[in-house]
Amino acid sequence: MISRELAMCRAVLENNRLLPLFARFNIQLGFGEKSVEEVCRINEVDPDFFMEIANAYLEEDDIPREDLAHFPLKSMVKYLRATHAYYLEVALPQVELLIAQLLNQPELSKKELNLLSGFFDDYKKEFMQHIFQEENEVLPYILELEKQSLPDRPDPEFLSSLKVYSISKFEQEHDRLEYSLENLSRLIIKYLPPLKNQELCLRVLAELSDLVKDLVDHANMEDKVLIPRVSELEQEVLSGEKD
Amino acid sequence: MNRTGIIVAAESYLLRKGVVSILNRMPGVTVVREFEALPALEKFIQTRKRDLLVITYTLFDKSFKSLFNEGDLQDRTIILTHKQEWEGGSGFPTIDSEDGKGLIMNKIQALLDAQTQGPGEDPLFTLSPREKTIVRLVSLGYTNKQIAGELFLSAHTVITHRKNIGHKLGIKSVSGLTVYAIVNNIITIEELSSNPV
């Protein structure tokens, strides 16, 4: 468990699953002896929110948290945007680069090349579509919900729309992006011919497995922190209507 | 590879994690989800018709005995008791918090063996024979219309099948389904058309 008082350097040294978080929170390394809370404050990150995310990453289950801290959803949205940017600008291009090198290997037949390149092109499209949908529908919805929870009386129009769209709809329609990547790893390990450039294959597999792990952690975090916190706020806004 | 899913429901964190850590040592077993309270479990369990359930006697007593009486949970539930303090009985197999690791593993294994006599796969994620045929034809480059002609189905039925396949596998694109078909031995790379998908 990560607590406020824990030295940030210890938290990271003992849990390297936390590493991807620092870029997303835009937190600079070089922690010295500073505690989790101090590092968060210096980097203008809500410490409660940081701890919810960090602990969600460390526990591999996907049980919704009880007693979630009342962090602002605005910080959640900022974090999700940074995560999306990381996938689109760093993780996916890295895999793409390696796949492009794989497509240059002389052992692969035309059918195998078509299969690989077609697969990755389509996967990339699906991935981007998934993220754009979140950016254009889900995140604006969350920001609006938070805005509506502040005034005494929420906008009636918003309230009636809440009866049609809620975060549970997102939860139902939310595809898991990692399944296809796992199939790609299986394809390389089992069904493609052996390649002379073994080093390249192993790098592709390591990169795929890192991305799969990250996507699983991220999806679990959404189940454990994002969705429960948003549904909680939905209930607050709806019950505010009755008063 | 047929892995059996197990759902673990216990209020106590220590107890739950203890059971999960034993289950994780057993080959062919996956803990699909943990629960610490009832309402979420009751909803979840109805969508998971093949998973085993390990549940504490306190949660069991509190809850949904009606659900258990309906029959389908009867053969796949194991009750977790504490220091044998439970008289609920009713024929369910039990494990106790004081049982040793080996005994617990044996009891769960016995229940698993009784279960896997059926077609031990999860229908939620496993394709039906008809769906497999459709995945095969999609991988070979058939359009929905051609599939309908080949299998004597209406185009509408084919579209419904494709939607269900997409939901089950979380894969929608033709190329994604093709790779799925290869790694699940529904088709070989050699059978694919040489034209790009």
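Preceding block: the structure.
Everything in this summary refers to the structure shown in the same document. (Residues numbered from 1 in each chain as written. Chains lettered and ligands numbered in written order. Predicted model: local features only at pLDDT ≥ 70, side-chain atom pairs only at ≥ 80, totals over all residues. Heavy atoms only, no water.)

### Some words on the environment of Asp113 of chain B
Residue and element names in this part refer to chain B. Position of Asp113 relative to the elements: it lies in helix 5 (residues 101-115). In this structure Asp113 comes out as partly exposed when scored by relative accessible area, which is 41%. Considering only alpha carbons, one finds Asp113 and Ile186, 73 residues apart in sequence, at a separation of 28 Å. (Helix = DSSP H or I, 4+ residues; strand = E, 2+ residues; numbered from the N terminus. Buried < 20%, exposed > 50% of the residue type's maximum accessible area, 1.4 Å probe, protein only.)

### Quick look at the pattern of salt bridges
In the structure shown here, the tally under the stated rule is 17 salt bridges over all chains. Between Glu232 of chain A and Arg229 of chain A there is a salt bridge whose closest N-O contact spans 3.3 Å. Taken as a pair, Glu232 of chain A and Arg229 of chain A lie in helix 10 (residues 198-242) at a separation of 3 residues, close to a single helical turn. For Glu232 of chain A, a relative accessible area of 27% corresponds to the partly exposed category. The class of Arg229 of chain A is buried, set by a relative accessible area of 5%. Where Arg16 of chain B meets Glu36 of chain B, a salt bridge forms, and the shortest distance between an N and an O atom there is 3.5 Å. (Salt bridge = Lys/Arg side-chain N within 4 Å of Asp/Glu carboxyl O.)

### What to know about the packing of helix 6 (residues 110-149) of chain A against helix 9 (residues 174-183) of chain B
Contact geometry for helix 6 of chain A and helix 9 of chain B: axes closest at 8 Å, N-to-C directions at 130°. It follows that helix 6 of chain A is oblique to helix 9 of chain B by the angle criterion. Taken as a pair, helix 6 of chain A and helix 9 of chain B cross one another with a handedness that is left-handed. Contacts between helix 6 of chain A and helix 9 of chain B pair Leu115, Gly118, Phe119 and Asp122 of chain A from the former with Ser175, Gly176, Thr178, Val179 and Ile182 of chain B from the latter. Tallied by class, the residues present in the contact of helix 6 of chain A with helix 9 of chain B amount to 4 nonpolar, 4 polar and 1 charged. (Axes fitted to C-alpha atoms, helices over the stretch in contact; angles between N-to-C directions. Parallel < 35°, antiparallel > 145°, perpendicular 65-115°, else oblique. Left-handed = near helix turned anticlockwise from the far one by under 90°. Contact = heavy atoms within 4.5 Å. Nonpolar A, V, L, I, M, F, W, Y, C, P; charged D, E, K, R; others polar.)

### Brief notes about the interface of chain A and chain B
Chain A puts 25 residues into the contact, and the matching count from chain B is 27 residues. Counting the surface lost from both chain A and chain B, the interface buries some 2,300 Å², and carbon and sulfur atoms represent 55% of this. There are 0 salt bridges connecting chain A and chain B. Where chain A meets chain B, there are 7 residue pairs in polar contact (both at pLDDT 80 or more). Elements that contribute at least two residues to the side of chain A that touches chain B include exactly helix 6 and helix 9 (178-191) of chain A. The dominant element in the side of chain A that touches chain B, judged by the number of residues it contributes, is helix 6 of chain A, at 9 residues. Among the residues forming the side of chain A that touches chain B, the class breakdown is 9 nonpolar, 4 polar and 12 charged. (Buried area = accessible area lost by both parts, 1.4 Å probe. Polar contact = N/O pair within 3.5 Å; in protein donor to acceptor, adjacent residues only side chain to side chain.)

### Structural notes on the pairing of strand 2 (residues 29-35) of chain B
In regular strands, side chains alternate between the two faces of the sheet. Residues and elements named next belong to chain B. Judged from the 6 bridges that link them, strand 1 (residues 4-9) and strand 2 form a sheet pairing that is parallel. Bridge pairing links Ile6 to Val31 in strand 2. A crossover connection joins strand 1 to the parallel strand 2 through helix 1 (residues 13-23); in handedness this β-α-β unit is right-handed. (Pairing = 2+ DSSP bridges. Right-handed = clockwise from strand over helix to strand, strands pointing away.)

### Topic: the packing of aromatic side chains
Residues and elements named next belong to chain A. On inspection of all chains with the given rule, the structure shows 15 aromatic pairs over all chains. Judged by centre distance (5.8 Å) and plane angle (80°), the rings of Tyr87 and Phe127 are edge-to-face. Of this pair, Tyr87 sits in helix 5 (residues 73-102) while Phe127 sits in helix 6; the two residues are 40 residues apart in sequence, bridging distant segments of the chain. For the pair formed by Tyr87 and Phe127, the shared burial category is buried. Relative to Tyr123, the ring of Phe119 has its centre 6.3 Å away and its plane inclined at 5°; by these criteria the two rings are stacked. Of this pair, Phe119 and Tyr123 both sit in helix 6, separated by 4 residues, roughly a single helical turn. (Phe/Tyr/Trp six-rings, centres within 6.5 Å; stacked < 30°, edge-to-face > 60°.)

### Quick notes on the state of the cysteines
Counted under the stated rule, the structure contains 0 disulfides over all chains. Not part of a disulfide, Cys40 of chain A finds its nearest cysteine sulfur in Cys9 of chain A, a span of 14 Å. (Disulfide = S-S within 2.5 Å.)

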